[in-house]
Amino acid sequence: MIDFNPLSLFQTKGKIKKVYREAKASYLNRIRIAVGMFYFGMGLSFATWASRIPDIKTALHLTEGDLGSILFALPMGQLIIMPFSGKMVTKFGSHRILVFSLIMYVLCLANLGLATSALQLSLGLFLFGIFGNLANIAVNTQGVYTEVLFKKTIMSAFHGMWSFAGFTGALVGLGMLTLKLTPLHHFLIVGGVVLIMVAFNFKFLVKAKEKIKHKSAEKKKLFAKPDSSLLWLGVIGFCSMASEGVMFDWSGVYFKDIVKAPGALVILGYTSFMIMMASGRFLGDGLINKFGRERVMQISGVMISAGLFTAVFLPYIIPCTIAFMAVGLGVATIVPTVYSIAGKNPTVPPGEALTIVSSVSFLGFLMGPPVIGHVAESFGLQFSFAFIGIFGVLIAFMVSKIRTTA
């Protein structure tokens, strides 16, 4: 069903086809909806997995250390595919890679529900990480192309769709727990919904690819000194997404083991976090236009630290719920802003800059949770949350090292 001929559907190299630039506003809006739905599908798939981690942990009789080790399979999968993901998007087109990788992402999600041992779960998460990284690079490239068509910043809204999907996934997870459905049945139902979304929207993705440079140019650039601003942006994104990843994978466990939340309220912390992160991203562009990128990002970093430290020192349902809401607001605008700044880098093409920064950032999203597991095994889960809380302060400090007015 998916044509991987890299020459079809393209008439220009490194440019969006003229037909898009001359399209009616209604068609451009349909493109924006389609790209947004792919962000939503990715977020829903990951949130579905995250919402059942406590149940899978219990079913497989895993300790915090065991779970931390298993979760390392996700970043390992990403690391394996990372050197090739950008090249694949460039060669075959982000629209094809996005459709293929999201379908495989959904199939890997279903396989996680079939795991009956730690080894099977690790292998499943490894594949989940591979196709997740491919989809991440491809969907953000589609986001950049769509911004070009609209001639305004809409990346924050796209990431808002991803966050809204996380909130939706949390509510669906709560419903599945109430109905006492197994993780496998839960994953199959959500997977079917995502595949339907792919079928209705893949035709409206932007068909473009980056220009392939000559080998001599590639070799020269390979050994060139990396742009320092991209390095700072990558580290800021890493810290933010590490905090975000911890909330995804460990908020349920924290509410169950530390807060001692009863029954279905275990998912309350995760749900409150997702609500505020989604809300913050949909409101992010307005806040940045009013207060400036630097101030918003610095305040966001402080909110991350304040929220996590509050959860550590006041491990009760109401304080922790409010604390997790603060963390959600804190991480809301950082990554979209980082991507927006990277795409306007004056010395590196937008596609290359976005691939570098998004890969480093998403590595934090995947590596943060397993590190927390091992820290929790040695020092306790509260200490591990305090450790991640330091990242917010680092973000506030590092923002001053980059130009945020680009």
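In case you missed it, the structure is sitting above this.
Reference entry: report on the structure contained in this document. All values derive from a computational prediction rather than experimental measurement.

### Some words on the overall build of the chain
Phase 1 of the analysis: The number of helices and strands found in the chain is 17 helices and 0 strands.
Phase 2 of the analysis: Out of the 406 residues in the chain, the part that is buried amounts to 55%.
Phase 3 of the analysis: Long-range pairs, those at least 24 residues apart, make up 87% of the contacts in the chain between residues at least 6 apart in sequence.
Phase 4 of the analysis: Carbon and sulfur atoms make up 70% of the accessible area of the chain, which totals about 17,500 Å².

### Some words on helix α9 (residues 183-201)
Phase 1 of the analysis: A rise of 1.5 Å per residue sets the reference length of α9, with its 19 residues, at 27 Å; its end C-alpha atoms lie 27 Å apart and thus fit the reference within 8%.
Phase 2 of the analysis: Taken together, the buried residues of α9 touch α2 (25-51), α3 (53-59), α6 (94-112) and α8 (155-178).

### What to know about the nonpolar core
Phase 1 of the analysis: In this structure, W49, L121, L125, F128, F248 and F385 are the most contacted members of the largest nonpolar core, which totals 117 residues.
Phase 2 of the analysis: Counting residues per element, this core draws most heavily on helix α7 (residues 118-150), at 14 residues.
Phase 3 of the analysis: Residue contacts for L125: discarding those within four places in its chain leaves W49, I70, L71, A73, L74 and L112.

### Quick look at the pattern of salt bridges
Phase 1 of the analysis: This model, assessed by the stated rule, comprises 2 salt bridges.
Phase 2 of the analysis: The salt bridge partner of D55 is R52, with a shortest N-O separation of 3.2 Å.
Phase 3 of the analysis: Residue classification places R52 among the buried positions, given a relative accessible area of 3%.

### Side note on the packing of aromatic side chains
Phase 1 of the analysis: In this structure the tally under the stated criterion is 12 aromatic pairs.
Phase 2 of the analysis: Ring geometry for Y39 and F158: centres 5.2 Å apart, planes at 0°, overall stacked. Residue Y39 is found in helix α2, and its partner F158 is found in helix α8; the two are separated by 119 residues along the sequence.
Phase 3 of the analysis: The class for Y39 is buried, based on a relative accessible area of 2%.
Phase 4 of the analysis: The side chain of R30 reaches across the aromatic face of F204, ending 4.1 Å from its centre.
Phase 5 of the analysis: Above the plane of the ring of F150 lies R32, whose end atom (NZ or CZ) is 5.5 Å from the centre.

### A few points about the side chain of S251
Phase 1 of the analysis: Structurally, S251 can be placed in helix α11 (residues 228-257).
Phase 2 of the analysis: S251 sits in the buried class, given a relative accessible area of 0%.
Phase 3 of the analysis: Among the polar contacts made by the side chain of S251, one reaches the main-chain carbonyl oxygen of M247 at a distance of 2.5 Å.
Phase 4 of the analysis: In this view, S251 contacts V246, Y270 and F324; residues no more than four positions away in its chain are not counted.

Thresholds applied
Residues numbered from 1 in each chain as written. Predicted model: local features only at pLDDT ≥ 70, side-chain atom pairs only at ≥ 80, totals over all residues. Heavy atoms only, no water. Helix = DSSP H or I, 4+ residues; strand = E, 2+ residues; numbered from the N terminus. Buried < 20%, exposed > 50% of the residue type's maximum accessible area, 1.4 Å probe, protein only. Contact = heavy atoms within 4.5 Å. Areas by Shrake-Rupley, 256 points an atom, 1.4 Å probe, with all protein chains shown as cover. Expected span 1.5 Å × (residues − 1). Core = buried A, V, L, I, M, F, W, Y, C linked by side-chain atoms within 4.5 Å. Salt bridge = Lys/Arg side-chain N within 4 Å of Asp/Glu carboxyl O. Phe/Tyr/Trp six-rings, centres within 6.5 Å; stacked < 30°, edge-to-face > 60°. Lys NZ or Arg CZ within 6 Å of the ring centre and 35° of its normal. Polar contact = N/O pair within 3.5 Å; in protein donor to acceptor, adjacent residues only side chain to side chain.

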